[in-house]
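Coordinates in review
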Amino acid sequence: MRKSLVRAVAFAVLWVIAAVIGAATARADAVQDGWNTFRDRFVTADGRVLDTGNKEVSHTEGQGWAMLFAEAANDRGTFAKIWDWTHNKLQRHDNALFSWRWDPDGKTPVADPNDASDGDILIAWALARAAHHWKDPEYGRAAHRIVGDIRRRLLVTAPGGLVLLPGADGFKGDGVTVINPSYYIFPALKEFARVLPSPEWQRLRRDGLNLLADARFGRWGLTPDWIEIAKSGDLSPAAKFPPRFGFEAIRVPLYLIWAGEATPERLASYLDFWNDFGGKPAPAWVNVDDNSLAPYAGSSGFQAVVQLTRGFGQTDQPALPTINDKDDYYAASLTLLAAVAQRETAR
């Protein structure tokens, strides 16, 4: 009897190990397959990432995401091409940050020299990961320079604490500070504390999480794409942007989960909103002022973030959507971000 029990327990343990290994392999395959599709469809031979939903311009957000995906898929050759193009075409000469947009049809491809902090952060994070993964000190030095200028140029004090500006110019003045919550890429901030140790990274993390807790609006208490901080410290949807939880703020729960910062309380409002639609795809946006909804569903990439969030805390993570033939650059990016986040949090 005792031997039978031992055999049964051993079999159960082996079954669990096999299931875990099988799930991990499936997640790795999802990232590899997704990257192969993304690379072939959106990355040019010289390393430029095409925004196919926006006249095939390129921007630092896309360059940074593609670098992350290439590193996660162990594609060192494509990573190098994307970084070389980004460094040569978009990195500024007066500091280590990047002009945010490249328009191949423009008389001047870089018409606006201002940066976008999410692009700066993504590029620096990808370089730091690549330096560790491939033991390449040159990537490490490049990451260190960018992280230093992010800290110097983009972190400022506002009522309520330390905030991340969306860009070095144009987001603070007349007693008002404008921020984009989806630019708080929390897993990257953890890495920056290692690349360039400073108490400011922990302050930015803490104050950013507090900001997310307070900046809840509308029927479901959702995070707007853009937030305005008044001199008094009052928060409101930013006046210069549509008052929506939508195409940008969809990344907020994804980054919380990826960084290990998600809790049931922090995800509750997003899940309450999505669960109101049952099994139907969630709408692409909701107006947090009047609770009106987009007349169309979010993309498959949007639904991938929904599924990732719904699977938070579950032992068996749900299978996420994959990149399909109709997906544009942004939908595909969200899909692959969710796949990488799921794989890395499962570890």
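Everything below is about the structure printed above this text.
What comes next is a walk through the structure.

About the criteria used
Residues numbered from 1 in each chain as written. Predicted model: local features only at pLDDT ≥ 70, side-chain atom pairs only at ≥ 80, totals over all residues. Heavy atoms only, no water. Pairing = 2+ DSSP bridges. Helix = DSSP H or I, 4+ residues; strand = E, 2+ residues; numbered from the N terminus. Buried < 20%, exposed > 50% of the residue type's maximum accessible area, 1.4 Å probe, protein only. Lys, Arg positive; Asp, Glu negative; His and termini not counted. Salt bridge = Lys/Arg side-chain N within 4 Å of Asp/Glu carboxyl O. Polar contact = N/O pair within 3.5 Å; in protein donor to acceptor, adjacent residues only side chain to side chain. Contact = heavy atoms within 4.5 Å. Axes fitted to C-alpha atoms, helices over the stretch in contact; angles between N-to-C directions. Parallel < 35°, antiparallel > 145°, perpendicular 65-115°, else oblique. Left-handed = near helix turned anticlockwise from the far one by under 90°. Nonpolar A, V, L, I, M, F, W, Y, C, P; charged D, E, K, R; others polar. Phe/Tyr/Trp six-rings, centres within 6.5 Å; stacked < 30°, edge-to-face > 60°. Lys NZ or Arg CZ within 6 Å of the ring centre and 35° of its normal.

**Comments concerning the pairing of strand β6 (residues 176-179)**
Across two bridges, the pairing between strand β5 (residues 172-173) and β6 is antiparallel. Across the sheet, residue glycine 173 finds its bridge partner in β6, namely valine 176. Following β5, the chain reverses through two residues before pairing antiparallel with β6; aspartate 174 in that reversal takes a positive phi of roughly 55°. With three bridges connecting them, β6 and strand β7 (residues 227-229) associate as antiparallel partners. Opposite isoleucine 179, over in β7, you have isoleucine 227 as the bridge partner.

**Examining the side chain of arginine 48**
Along the chain, arginine 48 turns up in the loop between α1 (2-42) and β1 (58-59). Here arginine 48 sits buried without a salt bridge, and the closest side chain of opposite charge, glutamate 56, lies 5.3 Å off (N-O distance). A polar contact is formed between the side chain of arginine 48 and the side chain of serine 58, at a distance of 2.8 Å. Ignoring anything within four residues of it in the chain, the contact list for arginine 48 reads Phe42, Val43, Glu56, Val57, Ser58, Gln63, Trp85, Trp102 and Pro104.

**Structural notes on unusual backbone geometry**
Non-glycine residue lysine 135 carries a positive phi angle of around 55°. Positive phi, close to 55°, is recorded for aspartate 174, a residue that is not glycine. Relative to the helices and strands, aspartate 174 is located in the loop between β5 and β6.

**Focus: helix α8 (residues 251-259)**
Counting buried residues along α8, nine of its nine residues qualify, which places the element largely inside the surrounding structure. What α8 keeps buried is the set Arg251, Val252, Pro253, Leu254, Tyr255, Leu256, Ile257, Trp258 and Ala259. In the stretch just after α8, glycine 260 is the one whose phi turns positive, near 75°.

**Quick notes on the pattern of salt bridges**
Considering all chains together, one arrives at 19 salt bridges under this definition. Between arginine 39 and aspartate 40 there is a salt bridge, with its nearest N and O atoms 3.3 Å apart. The partly exposed category is assigned to arginine 39, whose relative accessible area is 23%. The salt bridge partner of glutamate 248 is arginine 251, with a shortest N-O separation of 3.8 Å. Exposure remark for glutamate 248: the relative accessible area of 22% places this residue in the partly exposed category.

**Digging into the packing of helix α9 (residues 264-275) against helix α10 (residues 300-310)**
For the pair α9 and α10, interaxial distance at closest approach is 10 Å and the crossing angle is 120°. Considering their axes alone, α9 and α10 lie oblique with respect to each other. With respect to the hand of their crossing, α9 and α10 are arranged in left-handed fashion. In this structure, α9 uses Leu267, Leu271, Trp274 and Asn275 to contact α10, whose residues at the interface are Phe302, Val306, Thr309 and Arg310. Residue classes in the contact of α9 with α10 are distributed as five nonpolar, two polar and one charged.

**A look at the sheet that holds strand β8 (residues 235-237)**
Strands in a sheet are paired, the pairing made by backbone hydrogen bonds, and the direction either parallel or antiparallel. What the four strands build is an open sheet, ordered β5-β6-β7-β8; its pairing is antiparallel. Looking along the sheet, the strands with just one partner apiece sit at the ends: β5 and β8.

**Here we look at the side chain of glutamate 191**
For glutamate 191, the location among the structural elements is in helix α6 (residues 186-195). You can call glutamate 191 buried: its relative accessible area is 17%.

**Regarding the packing of aromatic side chains**
Counted according to the given criterion, the structure contains 22 aromatic pairs. Ring geometry for phenylalanine 79 against tryptophan 134: centres 5.4 Å apart, planes inclined by 75°, an arrangement best described as edge-to-face. One end of the pair, phenylalanine 79, is in helix α3 (residues 76-90); the other, tryptophan 134, is in helix α4 (residues 117-134), and 55 residues separate them in sequence. As far as the burial class goes, phenylalanine 79 and tryptophan 134 line up, both buried. With a centroid separation of 5.1 Å and 65° between ring planes, the pair formed by phenylalanine 79 and tyrosine 139 is classed as edge-to-face. In this pair, phenylalanine 79 sits in helix α3 while tyrosine 139 sits in helix α5 (residues 137-154), placing the two residues 60 residues apart along the sequence. Residue class for phenylalanine 79 comes out buried when judged on its relative accessible area of 0%. For tyrosine 139, a relative accessible area of 9% corresponds to the buried category. Every member of this aromatic cluster is reached through a ring pair, and the members are Trp220, Phe245, Tyr270, Phe273, Trp274, Phe277 and Phe302. The residue whose ring lies beneath arginine 129 is tryptophan 125, and the NZ or CZ to ring-centre distance is 5.2 Å. Above the ring of tryptophan 285, the side-chain terminus of arginine 244 is found at 3.7 Å from the ring centroid.

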